[in-house]
Amino acid sequence: MWCQRLAWLLRGQRGSTGRRRPWVPRGPRPVLAAPARCHPTAPASPQCAWQLHQDHLELRYGHTLMRLDFVWLRDHCRSASCYNAKTNQRSLDTASVDLAIRPQAVRVDETTLFLTWPDGHVTRYGLEWLLRNSYEGQKQQVMHPRILWNAEIYRQARVPSVDCRSFLETDEGLKEFLQNFLLYGIAFVENVTPTKEDTEILAERISIIRETIYGRMWYFTSDFSRGDTAYTKLALDRHTDTTYFQEPCGIQVFHCLKHEGTGGRTLLVDGFHAAEQVLRRAPEHFELLAKVPLKHEYVESVGGCHNHMIGVGPVLNVYPWNNELYLIRYNNYDRAVINTVPHDVVRRWYHAHRALTAELRRPDNELWVKLKPGKALFVDNWRVLHGREAFTGYRQLCGCYLTRDDVLNTARLLGLQA
């Protein structure tokens, strides 16, 4: 079952310090059965062998068996006439490639695959490039290395906050912050001037601010100015934000500017860690949560704010080629009427939802943080759930949502895998 294969993607490894290491794929290594006609490369490269089939090339390199369709091999040619290396864009018209194309000649040396096509065009592929970019190669990789955590794992990791000046003025500080954020889904910046304007400068260091129905930068207090429980003094259970958007916001920024009262601690829970526990104990529940689409809805008519938003998607979202979990959409406040699930599935979905909720509510998965003026928190809204305990007095936060693509773009430009 596909979800069972996700176990090794989600399963963090513990080192001697108790910290979990980033996911490292350890899937089964396919072995090429001895074909009737197998073409080994030169003796210096015994790890590579290939065989032509009717519509594809079978290539074994190292421990990976790749099956490369002839159309795919022609379409991805990186020659000057097919690919613009300056713009990193394809020049070849894919629709013009003969869908019955077959190479006239194939040759493999120690590092390179050469294909000669019927019109005489020659395509060259580095074997390492094929290993990284073939379907079989991608199945063995993760898009986003992470360290899954509960409260104790996070505390033992002693993840440092980054000073505001280092964050704003140096690539080293920014890179340290982003590495923490990518691995754990949360990161802190200290010594931020407690104003909305300074928080905005902080956010724009890594991303374009995403303007939503809540505006661009927002103040957040218990005045019930919006039709949302968050604008009260009540406790908030763990949840992800904007589940009612077709694409939930990727990153959320919180900065407490003032609190004259008690309570109000922020709750953080690693949703991917909870999902891993469900996968280990009841993989059928995980599979159901990843397949059944639900509606989430936001309806408000308060003052001048009139909105009706609907987002659709499963609670758990995975990449289909390697079954890596990349998004959790969990918000019991905003989940709409369940009318997208047939009657013979809905009861099983409730059992699966209950299993995930039980994991999310385990006390040892709860990280409680007291936000104070000067300490800004960045949360991966696709992974980490947040909540709040009830509070007294006047409490004001400011913050914003960031576009996920721009945060990941900043990380990649600094040499991080994102």
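To be clear, the structure that these remarks concern was listed above.
Report follows, based on the coordinates. Computed from a predicted structure; not experimentally measured. (Residues numbered from 1 in each chain as written. Predicted model: local features only at pLDDT ≥ 70, side-chain atom pairs only at ≥ 80, totals over all residues. Heavy atoms only, no water.)

### Observations regarding unusual backbone geometry
The condition is simple: Going along the chain from the N terminus, every DSSP run of H or I of four or more residues is numbered as a helix, and every run of E of two or more is numbered as a strand. Each residue gets one of three labels from its accessible area relative to the maximum for its type: buried under 20%, exposed over 50%, partly exposed in between, using a 1.4 Å probe on protein chains only.
In this model, Arg158 sits at a positive phi of 50°, which is unusual for a non-glycine residue. At Asn191, a position not held by glycine, the phi torsion is positive, near 65°. By the element assignment, Asn191 lies in the loop between strand S13 (186-190) and helix H9 (196-204). Given a relative accessible area of 56%, Asn191 falls into the exposed group.

### Some thoughts on the pairing of strand S22 (residues 325-328)
Applicable threshold: Think of it this way: DSSP has to see at least two bridges between two strands before they count as a pair.
By the bridge criterion, three bridges tie strand S21 (residues 316-318) to S22 in an arrangement that is antiparallel. Within the sheet, the bridge partner assigned to Val318 lies in S22 and is Leu325. Connecting S21 to the antiparallel partner S22 that follows it, the hairpin turn spans six residues, and Asn323 within it adopts a positive phi of roughly 60°.

### A short note on the packing of helix H10 (residues 271-281) against helix H11 (residues 283-291)
Which entries qualify depends on this criterion: Geometry is summarised by axes, namely lines fitted to C-alpha atoms with helices restricted to the contacting stretch, and by angles between N-to-C directions that run from 0 to 180 degrees. Here the angle decides the label: under 35 degrees means roughly parallel, over 145 means roughly antiparallel, 65 to 115 means roughly perpendicular, and every other value means oblique. Every residue pair with non-hydrogen atoms within 4.5 Å of one another is taken to be in contact. Under the convention adopted here, Pro, Cys and the residues Ala, Val, Leu, Ile, Met, Phe, Trp and Tyr are nonpolar, Asp, Glu, Lys and Arg are charged, and Gly plus all remaining residues are polar.
Axis separation between H10 and H11 bottoms out at 5 Å; the angle between their running directions is 125°. With respect to their mutual orientation, H10 and H11 come out oblique. Residue-level contacts link Ala275, Val278, Leu279, Arg280 and Arg281 of H10 to Pro283, His285 and Phe286 of H11. Here the residues of the contact of H10 with H11 are counted per class, giving five nonpolar, one polar and two charged.

### Considerations on empty space enclosed by the protein
How we decide: Points on a 1 Å grid, built from protein atoms alone, make a cavity when a 1.4 Å probe fits but cannot get out and make a pocket when they are open with protein on both sides within 12 Å along at least 5 of 7 lines; residues with an atom within 4 Å of a point are the lining residues. Grid points are joined across faces, edges and corners, and a volume is the space filled by probe spheres set on the points.
For the coordinates displayed, the defined rule picks out three cavities of 30 Å³ or more. Roughly 70 Å³ of volume is contained in the largest cavity. Around the largest cavity, the lining residues are His144, Arg146, Phe181, Leu182, Asp380, Arg404 and Leu408. Of all the secondary structure elements, the ones that give two or more residues to the lining of the largest cavity are helix H8 (171-184) and helix H13 (404-413). Taken together, the residues of the lining of the largest cavity break down into three nonpolar, one polar and three charged.

### Concerning the pairing of strand S24 (residues 376-380)
Each regular strand displays side chains that alternate between the two surfaces of the sheet. Along S24, five of the five residues are buried, which leaves the element largely enclosed by surrounding structure. Residue alternation in S24 divides its side chains into two sets, Ala376, Phe378 and Asp380 and Leu377 and Val379, and both sets are buried. Here strand S17 (residues 251-260) pairs with S24 via five bridges, running antiparallel. The residue bridging His255 from the neighbouring strand is Ala376, located in S24.

### Here we look at the packing of H8 against H13
What counts is decided by this rule: Crossing handedness follows the turn of the near helix against the far one: under a right angle anticlockwise gives a left-handed crossing, and clockwise gives a right-handed one.
Taken N-terminus to C-terminus, the directions of H8 and H13 make an angle of 120°; their axes are 10 Å apart at the nearest point. With respect to H13, the axis of H8 lies oblique. Helix-helix and strand crossings are classified by hand; for H8 and H13 the assignment is left-handed. For the pair H8 and H13, the contacting residues are Leu174, Leu178, Phe181 and Leu182 in the first and Val407, Leu408, Thr410 and Ala411 in the second. Residue classes in the contact of H8 with H13 are distributed as seven nonpolar, one polar and no charged.

### As for the environment of His273
We apply this condition: Counted as a polar contact is a pair of N or O atoms within 3.5 Å, where, for protein atoms, one must be capable of donating a hydrogen and the other of accepting one, and residues adjacent in sequence contribute only when both atoms are in side chains.
By the secondary structure assignment, His273 is in helix H10. His273 sits in the buried class, given a relative accessible area of 5%. Within polar-contact distance, the side chain of His273 engages the side chain of Asn365 at 3.4 Å.

### Structural notes on the sheet that holds strand S11 (residues 122-126)
Here three strands make up an open sheet; going across it, the order is S9-S10-S11 and the pairing antiparallel. Lying at the two open borders of the sheet, with one neighbouring strand each, are strand S9 (105-108) and S11. In this sheet, adjacent strand axes meet at a mean angle of 15° when their direction is disregarded. One ladder, built from four bridges, connects S9 with strand S10 (residues 112-116); its direction is antiparallel. Note that in S10 the partner of Arg107 across the bridge is Phe114.

### Quick look at the sheet that holds strand S16 (residues 236-239)
Sheet architecture is open: four strands sit in the order S16-S25-S18-S23, paired in antiparallel fashion. At either end of the open sheet lies a strand with only one pairing partner, and these are S16 and strand S23 (367-369). Ignoring which end each strand starts from, the neighbouring axes of this sheet average 20° apart. Of the strand pairs in this sheet, strand S18 (residues 266-270) and strand S25 (residues 384-388) are connected by five bridges, and their pairing is antiparallel. The partner of Thr266 across the bridge, within S25, is Arg388.

### Focus: the side chain of Asn307
As for its position among the elements, Asn307 is in strand S20 (residues 305-313). On the accessibility criterion, Asn307 (18% relative accessible area) is buried. A polar side-chain atom of Asn307 sits 2.8 Å from a polar atom in the side chain of Glu300.

By themselves, these observations are geometric and do not establish any function.
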